[in-house]
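Results of the structural survey
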Amino acid sequence: MEYQQRLQTQITNRDKAKAYIKNKSFDTIATHGVYDLNEALANQGSVIEPVFMSTAQGFSHADELQAALAYEIPSWSYTRIHNPTLYYLESTLALLESYDCGVEAGCCVTSSGMSAITTVTDALLADSPHANFVSSSQIYGGSFQQFSIRQAQKNRQVRWVAPDAPMQSWAAQIDENTRFIYIEVPSNPGLAMCDIEMLAGLAHANNIPLIVDATLATPALIRPFQFGADIVIHSLSKIIAASGSVIGGAIIAKENITARFLPDDVSANFCQHLKLLPNRDNGACLSPMQAFLVLSELRTLRMRVDAFSQNTLKVAQFLQGHPKVEQVLYPGLLDYPQYQLAQKYFELVDSAKNSLHNQPEKRYGHLLSFRVKDGVQAAKQVINNLRLIFCATDLGRVKTIATIPAISTHQQQGDKGRQLANIPDNLIRLSVGAENADDIIQDLDQALGNHNNCNNNHHGNIDVLQRPHR
Ligand SMILES: Cc1ncc(COP(=O)(O)O)c(C=O)c1O
C-alpha cells in the first residue's frame, strides 16, 4: 500500500540521519539532532524543526489508522501519545545523554521534571503491594515529598540513605522487594555527590536499576550512563532551558535496563514503554511548543554550562573569603567535602578534544549554596538586600537567582525532613547565571553588608535603600 511505502522511506531516512549525527561532536548533535535535509524536505524545507501544534495526525487509510493505534507502524496519532516536535527533542536528548557512553538510549519527555520522576518510579513500583526503594536523602524538595508522602499513600516505602554513606549502608537497605536505587547528582541544594559507579554496581548485583536525577549536571558535565546508571532524569525547566519559559521533564533510559521484575520487552526499551503506555494513560505529555523551546536552547547547552560554571566558581571563591559567610558548598572548591568524588565525575564534555593540549577542563555547574553567619534572620536579610539578583524559587536560569531552601523549595518537608536532607535554615542557594561575575559579586557583597571585600568597586556602591521593595 502507498502508506507502507511512504513509511518505509521515512524509517530508512531517519535511521540514516541518526547513524550520521551519532558520530559527531556533542555541540553538533545538540545543534542538529536528527533533523537533517531529508527531514527538512518533508517539512517544506524548514531549516529549523517545525512546531507541530496539531492535536492529531490524519491518516490516508483505515488500515493505516488501525496499524498506528496498534503501534505497528511509526506514527504519532495524537499529541498525548506522540508528536513530531517531541520526536526531534527526544532523539536529541537521548543522543546527548548517551554521548560517548557506548550505549543506545531512548527518551520520553514529560510535562515537568516531577512528572518524569513520578512516571518512572510509578512504573517501577507497580504490581507489588510491598514494594520499596532506596533513595539518597539529599534530593530536591518536590522529589522528597513525592517519595515520602505520595508513594507512602500507595503503600510504597522509601528507605533513605545519606549520599556519602558507605556501600554497606546502601546494601543494608535492599531486600527482595526493593525495586530501584534513586540518587540526585549533584543534589539540590546541598550539592552532595553520590558514587554513581559504586551504586550502579550495587544495583546490578541485586538486579535492579539505578536512577540518577542529573538535572543540575546536564549531559554537558556528567553522563551517568558512562558509570553504569540505567535511567537518567532531567527537569527540562532548569539550565537545559535557561531562559525560563519552559516547564518540562525528560526520562532517558538505556536499552536493556537491569530490572529483574520487568518483562524483557519492557526493559529492552523502557522509554518507549513509558511513552506508549503509562504516560499515554496518565496524560503527562509535554506540549510541542515547549518541546520547540527546549530544542532551541539545547543547541548551546555546553557553552552555557561552561560559562555559568566559570562564573559560579568565581562567585564561590569570593563567598569563601567573606567574613559574613560560614560555609560555601561548591564541588569546585578545594574544601568541598566530597572533592575527590567531584573530580571523578565532573568534566566539561569534549573539553579535551577542544583544547590545545588535549587536557580535559573541570567545570562544576551553576549552583552553589552558602551558609550565612548569625542564622536564618541574617540569611533573610541578605536576600532582602539583594538588588540585581532575584529572590525566587527557581534555578538554572540565565539570570542569577537566590533562595533560602528551608523556607521555600524544602519548606514542606519540615524540620525532621530537612535534618535528614542536611539543609540548615541559614543556607542560601544561589543559581549563577550569565551576568558578568563581578556584578554578581558586587550585589552579594553589598547584600552581605561588607563593602570592603568587594572585588569590583568600579561600579560604585549600590544604595540598598533604593532597591525596589520586596
Ligand atoms: C534536581 C531537580 N529535579 C527535579 C525537579 C522538578 O522539576 P520541575 O520543576 O520541572 O517539575 C527540580 C526542580 O527544582 C530539581 O531541582
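Residues numbered from 1 in each chain as written. Predicted model: local features only at pLDDT ≥ 70, side-chain atom pairs only at ≥ 80, totals over all residues. Heavy atoms only, no water.

So, about the overall build of the chain. In terms of regular secondary structure, the chain is built from 19 helices and 12 strands. A compact globule built from 470 residues would reach a C-alpha radius of gyration of about 23 Å, and the chain, at 23 Å, matches this within 12%. If one aligns the C-alpha atoms of the chain with their principal axes, the spans along those axes are about 80 × 55 × 45 Å. When each of the 470 residues of the chain is scored for burial, the buried share is 57%. Long-range contacts, defined here as pairs at least 24 residues apart, represent 72% of the contacts in the chain between residues at least 6 apart. On the chain, roughly 19,500 Å² of surface is accessible, and the fraction owed to carbon and sulfur atoms is 50%. When the 38 basic and 44 acidic side-chain charges of the chain are each reduced to a single mean position, those positions are 4 Å apart. (Helix = DSSP H or I, 4+ residues; strand = E, 2+ residues; numbered from the N terminus. Rg over C-alpha atoms; globule rule 2.2 N^0.38 Å. Buried < 20%, exposed > 50% of the residue type's maximum accessible area, 1.4 Å probe, protein only. Contact = heavy atoms within 4.5 Å. Areas by Shrake-Rupley, 256 points an atom, 1.4 Å probe, with all protein chains shown as cover. Lys, Arg positive; Asp, Glu negative; His and termini not counted. Charge placed at Lys NZ, Arg CZ, Asp CG, Glu CD.)

Read across the sheet, 7 strands follow the order β1-β7-β6-β5-β4-β2-β3 without closing on themselves; strand pairing throughout is mixed. The sheet terminates laterally at β1 (105-110) and β3 (157-161), the two strands that pair on one side only. Strand-to-strand, the axes of this sheet are offset by a mean angle of 20°, without reference to chain direction. In this structure, strand β2 (residues 132-136) lies alongside β3, joined through 5 bridges in parallel fashion. Note that in β3 the partner of F133 across the bridge is V158. (Pairing = 2+ DSSP bridges. Axes fitted to C-alpha atoms, helices over the stretch in contact; angles between N-to-C directions.)

For the rest of this paragraph, the subject is the side chain of R179. Counting through the fold element by element, R179 comes out in strand β4 (residues 178-184). Separated by 2.8 Å, the side chain of R179 and the backbone oxygen of L124 make a polar contact. Setting aside residues no more than four positions away along its own chain, R179 makes contact with L124, L125, A126, D127, S128, A131, N132, I208, P209 and F261. (Polar contact = N/O pair within 3.5 Å; in protein donor to acceptor, adjacent residues only side chain to side chain.)

Evaluation of the coordinates by the stated rule reveals 20 salt bridges. The closest approach of N and O atoms between R6 and E2, which form a salt bridge, is 3.3 Å. Taken together, the residues span about one helical turn, with R6 and E2 both in helix α1 (residues 2-22) at a distance of 4 residues. Relative accessible area serves as the criterion here: at 35%, R6 is assigned to the partly exposed category. Its relative accessible area of 52% is what places E2 among the exposed residues. Bridged by salt links that share partners, the residues E2, R6 and E64 form one connected network. (Salt bridge = Lys/Arg side-chain N within 4 Å of Asp/Glu carboxyl O.)

Bringing the domain arrangement of the chain into the picture now. For the chain, the assigned domains are domain 1 (82-298) and domain 2 (301-466). The straight-line distance from the C-alpha centre of domain 1 to that of domain 2 is 26 Å. Listed per partner, the contact involves 39 residues of domain 1 and 44 residues of domain 2. In this structure, the connection of domain 1 to domain 2 is made through 2 salt bridges. E197 is paired through a salt bridge with K344; the nearest N and O atoms lie 2.8 Å apart. Listed by contribution, the elements that provide at least two residues to the side of domain 1 that touches domain 2 are α7 (141-153), α9 (196-205) and α13 (288-298). In terms of residues, the side of domain 1 that touches domain 2 owes the most to one element, α7, which gives 3 residues. (Domains from an automatic or database assignment.)

This next bit is on the site of the ligand. Residues in close proximity to the ligand total 13 residues, the closest being G113, D213, S235, S237 and K238. D213 is positioned such that a nitrogen or oxygen atom in its side chain is 2.6 Å from a nitrogen atom of the ligand. Contact distances for the ligand include 2.9 Å between an oxygen atom and a side-chain N or O atom of K238. Taking a 2 Å distance to the grid points as the criterion, the majority of the atoms of the ligand fall inside the second largest pocket. When residues of the shell around the ligand are assigned to their parent elements, the largest contribution, 3 residues, is made by helix α6 (residues 113-125). When its residues are assigned to classes, the shell around the ligand shows 3 nonpolar, 7 polar and 3 charged. (Near = heavy atom within 4 Å. 1 Å grid on protein atoms, 1.4 Å probe; cavity = no way out; pocket = protein on both sides within 12 Å on 5 of 7 lines; lining within 4 Å. Sits in = over half its atoms within 2 Å of the grid points. Nonpolar A, V, L, I, M, F, W, Y, C, P; charged D, E, K, R; others polar.)

Remark: a regular strand shows side chains that alternate across the two faces of the sheet. Of the two faces of strand β5 (residues 210-213), the one carrying L210 and V212 and the one carrying I211 and D213 are both buried. Regarding the hand of the β-α-β motif, the stretch spanning β4, α9 and β5 is right-handed. Pairing between β5 and strand β6 (residues 231-235): 3 bridges, direction parallel. Bridging from a neighbouring strand, D213 pairs with I233 of β6. (Right-handed = clockwise from strand over helix to strand, strands pointing away.)

Viewed as axis vectors pointing N to C, helix α14 (residues 301-320) and helix α19 (residues 437-448) meet at an angle of 30°, and their least axial separation amounts to 9 Å. The angle between α14 and α19 falls in the class roughly parallel. For α14 against α19, the interelement crossing comes out right-handed. Facing α14, whose interface residues are N311, K314, V315, F318 and L319, α19 presents A437, I440, I441, L444, D445 and L448. (Parallel < 35°, antiparallel > 145°, perpendicular 65-115°, else oblique. Left-handed = near helix turned anticlockwise from the far one by under 90°.)

Further remarks concern the packing of aromatic side chains. Counted under the stated rule, the structure contains 12 aromatic pairs. A centroid spacing of 4.9 Å and a plane angle of 80° characterise the contact between F133 and F147, whose relative ring orientation is edge-to-face. Separated by 14 residues along the polypeptide, F133 in strand β2 and F147 in helix α7 bring together distant segments of the chain. Ring geometry for F346 versus Y364: centroids 5.6 Å apart, planes at 55°, classification tilted. (Phe/Tyr/Trp six-rings, centres within 6.5 Å; stacked < 30°, edge-to-face > 60°.)

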